[in-house]
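Letter by letter, the chains look like this.
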Amino acid sequence: MKQAMRGVLLLILLAVVFGGGWLAGTLRAGRRVPVAQLSDLERQFVERMRGATLEGRFTIAGRERDPDRQDHYEIASVEKVGEHDWRFNARIKYGSIDTTLPVVVRMLWADDTPIITMTDVPLPPLGTFTSRVFFYGDRYAGTWQHDAVGGAMFGRIIPAATSSKILASLSWCGPIL
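Residues numbered from 1 in each chain as written. Predicted model: local features only at pLDDT ≥ 70, side-chain atom pairs only at ≥ 80, totals over all residues. Heavy atoms only, no water.

Account for the overall build of the protein chain, naming residues and giving values.
On a plain count of helices and strands, the protein chain comes out with three helices and eight strands. Nonlocal contacts in the protein chain, meaning residues at least 24 apart in sequence, comprise 45% of its contacts between residues at least 6 apart. Of the roughly 10300 Å² of accessible surface on the protein chain, a fraction of 60% belongs to carbon and sulfur atoms. (Helix = DSSP H or I, 4+ residues; strand = E, 2+ residues; numbered from the N terminus. Contact = heavy atoms within 4.5 Å. Areas by Shrake-Rupley, 256 points an atom, 1.4 Å probe, with all protein chains shown as cover.)

Dropping the structure here:
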C-alpha cells in the first residue's frame, strides 16, 4: 500500500514539474532580449506600448449591420523574448473574465510596421484565438477569430499618461489580440 502511494505521489510530482516546465517554456518565463540588443524600431515599439491602452471597436462577421462593439486592452509592458516572439503583459476583460495574462505572440515586421500573427493559440480560460493585428503610429487594426466567431478590429494606441484617465469609462473589451 505504501509503495503504491509513493508511486502515485511520484507521478503527481512529475506531472507538476513537467507542467511547470511546459508553462514556463510556453510563456518564455525568465527569457527576455535585453533592451540594448533591440533595434531602434523595436525599442520605440516597447516604449510606445509600456502602460498604453488599446481602445477601439470590433465587428463580428455576418453581423456587419449591428453597431460596432468596444475593444479595450490595457498593456502593462511588451518584451521581446525570442527572434520573432514577443510577450504582451496585458489586462484582458472578456465578458465576465477580467485577468492579466502574459500572452506570447509571433510578431513580424513589414518595414517599420509590427504585425502580430497568432494562429490557433489557446489562452486558457478564454478559448482559442487567431489574429493578424498591425500597429502603425497611434493606430492598430486587424482581423480576429475566437473559436467559430471572428471579425475585424481597429482603434487607437493611447499612451500611458493619457490612458489612465480613460480607463474608468470603459467596462468591456472585445476580441483578443
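Still more ground to cover, so stick around.
So what about the nonpolar core? Which residues, and what values?
Within the largest apolar cluster, 31 residues are counted, with the highest numbers of intra-cluster contacts made by Met49, Phe88 and Phe135. Setting aside residues no more than four positions away along its own chain, Phe135 makes contact with Phe45, Arg48, Met49, Leu54, Phe88, Thr113, Pro114, Ile116, Tyr140 and Ile157. (Core = buried A, V, L, I, M, F, W, Y, C linked by side-chain atoms within 4.5 Å. Buried < 20%, exposed > 50% of the residue type's maximum accessible area, 1.4 Å probe, protein only.)

Which residues make up unusual backbone geometry, and what values do they have?
Of note, Asp111 is a non-glycine position whose phi angle comes to about 60°, a positive value. Position of Asp111 relative to the elements: it lies in the loop between β4 (97-110) and β5 (113-123). For Asp111, a relative accessible area of 70% corresponds to the exposed category.

Talk me through the packing of aromatic side chains; I want residue IDs and the actual numbers.
Evaluation of the coordinates by the stated rule reveals six aromatic pairs. For the pair Phe58 and Trp144, a centre-to-centre distance of 5.7 Å together with 80° between the ring planes defines the contact as edge-to-face. Placement of the pair is Phe58 in strand β1 (residues 53-58) and Trp144 in strand β7 (residues 139-146), with a sequence separation of 86 residues. The residues Phe58 and Trp144 share a single accessibility class, namely buried. Note on Phe88 and Phe135: the rings are 6.4 Å apart at their centroids and 20° apart in plane angle, and the pair reads as stacked. In this pair, Phe88 is assigned in strand β3 (residues 85-94) and Phe135 in strand β6 (residues 127-136), connecting sequence segments 47 residues apart. Comparing Phe88 with Phe135, the two get one shared label, buried. Taken together, the aromatic side chains of Phe45, Trp86, Phe88, Trp109 and Phe135 make up a single cluster linked through ring pairs. (Phe/Tyr/Trp six-rings, centres within 6.5 Å; stacked < 30°, edge-to-face > 60°.)

Before we move on, can you summarise the confidence of the model for the protein chain with the specific residues and values?
Detailed reading of the predicted coordinates is not advisable wherever pLDDT is low. Within the protein chain, residue pLDDT values average 79, and 73% of them lie at 70 or more. Considering only residues more than four positions removed or in separate chains, one finds that residues 165-173, a stretch of pLDDT under 50, has 20 contacts. (pLDDT = per-residue confidence, 0-100.)

Break down the pattern of salt bridges for me, citing the residues and quoting the values.
Counted under the stated rule, the structure contains nine salt bridges. Among the salt bridges present, the one from Arg156 reaches Glu55, with a minimum N-O distance of 3.3 Å. On the criterion of sequence distance, the pair formed by Arg156 in strand β8 (residues 149-158) and Glu55 in strand β1 is long-range, its members being 101 residues apart. Between Arg91 and Glu74 there is a salt bridge, with the nearest N and O atoms lying 3.3 Å from each other. Of this pair, Arg91 sits in strand β3 while Glu74 sits in strand β2 (residues 69-80), and the two are 17 residues apart along the sequence. Residue Arg91 is classed as partly exposed on the basis of its relative accessible area of 29%. For Glu74, a relative accessible area of 14% translates into the label buried. Put simply, Arg32, Glu79 and Arg87 are held in one network by salt bridges that share partners. (Salt bridge = Lys/Arg side-chain N within 4 Å of Asp/Glu carboxyl O.)

Describe the pairing of β4, listing the residues and the values that go with them.
Both β4 and β5 contribute to a ladder of five bridges, which runs antiparallel. Each residue of the ladder has a partner; that of Met107, found in β5, is Ile116. Two successive antiparallel strands, β4 and β5, enclose a turn made up of two residues, where Asp111 displays a positive phi of approximately 60°. (Pairing = 2+ DSSP bridges.)

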